[in-house]
Amino acid sequence: MVTVFKNYTLWQKVEIETQVDALIRQPDNNHLYALISFYEKAQLDYVFDYMMQKQVNNAELFYRIALPLLKLNKTDESVNFLLESTRICPNNVNYLQVLAGTYFKLENIDEVLNCYLQIRKLTPNDPFLLNNIGAILQRQEKYTEASEYFSEAIKFSPDNPFFHANLASTLEQIEEYEQAYNNMLEAIKLDPDNESFYSRVGTIVARRGNYKEALEYFLKALDSHPESPELHFNLGIIYSKLREYRLSAANYRKAIGINKEFVAAHYNLATLLLTVGSFNEGWQEYEWRIRRNINDYYQIIPRYWNGEDLKEESLYVYAEQGLGDTIQFCRYLPLLREKAKEIIFICQEDLIRLLKNTYSFARFLPFNEVNNEINPEQDRHVFLLSLPKIFNTDLNNIPAVKGPYIKISDELKNKWAKKIKLINGFKIGFVWEPKTESETHKLRSVPLEDFYNLSKIERVVLINLQKGGPEKQLNNLPANKKIINFTNEIKDFADTAAIIKNLDLVISIDSSVAHLAGAIGKQVWVILPYNSDWRWLLERNNSPWYPTMKLFRQEEPDNWDSVFAKIEKELKNNTRSARPLFSDKRIN
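I will try to describe carefully the structure that is included in this document. Quantities reported herein were computed from a predicted structural model and do not represent experimental measurements. (Residues numbered from 1 in each chain as written. Predicted model: local features only at pLDDT ≥ 70, side-chain atom pairs only at ≥ 80, totals over all residues. Heavy atoms only, no water.)

With respect to the overall build of the chain
Consideration 1: Helix and strand counts for the chain stand at 28 helices and 13 strands.
Consideration 2: Its C-alpha atoms give the chain a radius of gyration of 32 Å, more than 25% over the compact-globule value 25 Å for 588 residues.
Consideration 3: With the principal axes as the frame, the chain shows a C-alpha extent of 100 × 65 × 50 Å.
Consideration 4: Relative to its full complement of 588 residues, the chain shows a buried share of 53%.
Consideration 5: Sequence-distant contacts, at least 24 apart, represent 63% of the contacts inside the chain between residues at least 6 apart.
Consideration 6: Accessible area for the chain stands at about 28800 Å²; split by element, carbon and sulfur atoms hold 46% of it.
Consideration 7: Averaging the coordinates of the 72 positive side-chain charges in the chain and doing the same for the 77 negative ones gives two points 8 Å apart. (Helix = DSSP H or I, 4+ residues; strand = E, 2+ residues; numbered from the N terminus. Rg over C-alpha atoms; globule rule 2.2 N^0.38 Å. Buried < 20%, exposed > 50% of the residue type's maximum accessible area, 1.4 Å probe, protein only. Contact = heavy atoms within 4.5 Å. Areas by Shrake-Rupley, 256 points an atom, 1.4 Å probe, with all protein chains shown as cover. Lys, Arg positive; Asp, Glu negative; His and termini not counted. Charge placed at Lys NZ, Arg CZ, Asp CG, Glu CD.)

As for helix H14 (residues 229–241)
Consideration 1: Between its first and last C-alpha atoms H14 spans 19 Å; for 13 residues at 1.5 Å apiece the expected length is 18 Å, and the two agree.
Consideration 2: Those residues of H14 hidden inside the fold are in contact with helix H12 (195–207), helix H13 (211–224), helix H15 (245–258) and helix H16 (263–275).
Consideration 3: Phi for Arg243, located one or two positions after H14, is positive at around 65°. (Expected span 1.5 Å × (residues − 1).)

Considering the packing of aromatic side chains
Consideration 1: Inspection of the entire model under this criterion finds 28 aromatic pairs.
Consideration 2: Ring plane angle 70° and centroid distance 5.6 Å describe the contact between Phe162 and Phe197, whose orientation is recorded as edge-to-face. Here Phe197 lies in helix H12 and Phe162 lies in helix H10 (residues 161–173), a separation of 35 residues in the sequence.
Consideration 3: When its relative accessible area of 46% is taken as the criterion, Phe162 is described as partly exposed.
Consideration 4: Residue classification places Phe197 among the buried positions, given a relative accessible area of 2%.
Consideration 5: Here a set of aromatic residues connected by ring pairs shows up, and it is made of Tyr267, Phe279, Trp283, Tyr286, Phe329, Tyr332, Phe391, Trp534 and Trp545.
Consideration 6: When the ring centre of Tyr181 is taken as origin, the NZ or CZ atom of Arg208, which lies over that ring, is 4.7 Å away.
Consideration 7: Directly above the ring of Tyr198 sits Lys220, whose terminal nitrogen or CZ lies 5.6 Å from the centroid. (Phe/Tyr/Trp six-rings, centres within 6.5 Å; stacked < 30°, edge-to-face > 60°. Lys NZ or Arg CZ within 6 Å of the ring centre and 35° of its normal.)

Here we look at helix H11 (residues 177–190)
Consideration 1: Under the 1.5 Å per step criterion, the end-to-end length of H11 is 20 Å for 14 residues, consistent within 8% with the ideal 20 Å.
Consideration 2: Residues of H11 that are buried: Tyr177, Ala180, Tyr181, Asn183, Met184, Ala187 and Ile188. Looking down the long axis of H11, one finds its buried residues gathered within 165° of arc, a one-sided arrangement.
Consideration 3: In this structure, the buried residues of H11 make contact with helix H9 (143–156), H10, H12 and H13. (Arc of directions from axis to C-beta.)

Side note on unusual backbone geometry
Excluding glycine, a negative phi dihedral is what most residues carry, and trans is how most peptide bonds are arranged.
Consideration 1: If you check the backbone angles, Glu539 has positive phi at about 50° while not being a glycine.
Consideration 2: Along the chain, Glu539 turns up in the loop between strand E11 (524–528) and strand E12 (542–543).
Consideration 3: Overall, Glu539 belongs to the exposed group, its relative accessible area being 75%.
Consideration 4: One non-glycine residue with positive phi stands out, namely Asp558, at about 65°.

Printed below as a string of structure tokens:
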């Protein structure tokens, strides 16, 4: 009977030892390839173990065994041999470079960096090595450190355009746009025929907000790459920022024509169509947003609901994106009552107490309980923001616009009424900054000082509705009895809604509080950036989604002065008494 040892037989073990011994005595290619013929992992592990037992101290031999393993794509198996070669001969740059490349194939970026740093001690002035270290640090999102290495590479090789381009890329990530721009111009100067550089400059210029200049660079790049879907996608973004919506849509469509599966282009086209009020096609394209986050709920897609009647099945409705989206589109829940045996709404926990009071026919689950509840093979599923498409929503048939569609419990409303009626003056709830970071955080944010100035208007009293990190900014304001903060007493959005109901007005950036005020029928003024979100449409001062909402739009990017001048003028004209400015009726 043959003895099995580590997945191979005793005679195989003897044969391996014989081959290793021959290789040690005479390290030629014949013996090497005879050895590598035993290329299964278990056998190769034993080759290494046996060489260690024999105390082989030949770095080149370990290295020469590793090379054919790499050619055979036996990357894992080669690592031990390469490590031993670098242990025996730690100052051999070639060994370290091959080990770094091997770790890169294995996506072990930390070890790649370690190898490069060892090599740097041996060749400190190698610009290509410095560039590679910068690239690894950039991949680790250590942008400041990466920029230092790219700068060092440029010092030793100032005429390499790619080093300048790489430095620009890291500087862009840390918002050093001016320096990034200058480095990209230098890259173009050194390699004017590299059209990809023009696209890179366009991106940097666009981040600085200079969209007309960015357009020039993207068009230059397009000259030599007319069929690049990415360039047409970028042009779509730039034309949208310049409010050239037809050209923006044309470029998104061109990108999609070249690459039909270009998810981001479909999504951007969708939001553009919704912005200009083309709801029919816009909702269809907006379904591509699901592809952006397909891994979140991939298991429900085969059982996705498209509007058909469900007799014996439950329908799971999934809130998505932010709190404001949930508040805006929960108005569709009543339309589902007759469609399924049971409606289960999965949403943010902060909203459940509030929404239960209105939609008592539905069952509510917070997101953290979803995995224990879902039966993807038996029930049906739909995302909340697919409902406008399913119900063929256009500007003339938006549900629940005749009055408030979220109700507040009398108990909460009365509790907060007792507190707020003690405050004399015209009471305005306010929000100046998004609670959490996002791509549009800076765009939507307003300086707190602009709201502070509103408190100087006679009879105006500000009630803080801002929560999260930005709330701490209140501590930096001068002491002011006309700014009141209840947020420590707010448990969730049910409390926030009750507070808002007892105020005279809400003034807010594009936020969940703005949506909430509109949903409960409170007068709300919403402050919008020059390029606002699709749901606010274009060039109108009211919203088809919320009858009691008025929109104040920036007239030019990054300038809130004119917006607050209008707000101050309206407040001063209408706060001569402490009575409400308006009744809670639709703003025409």
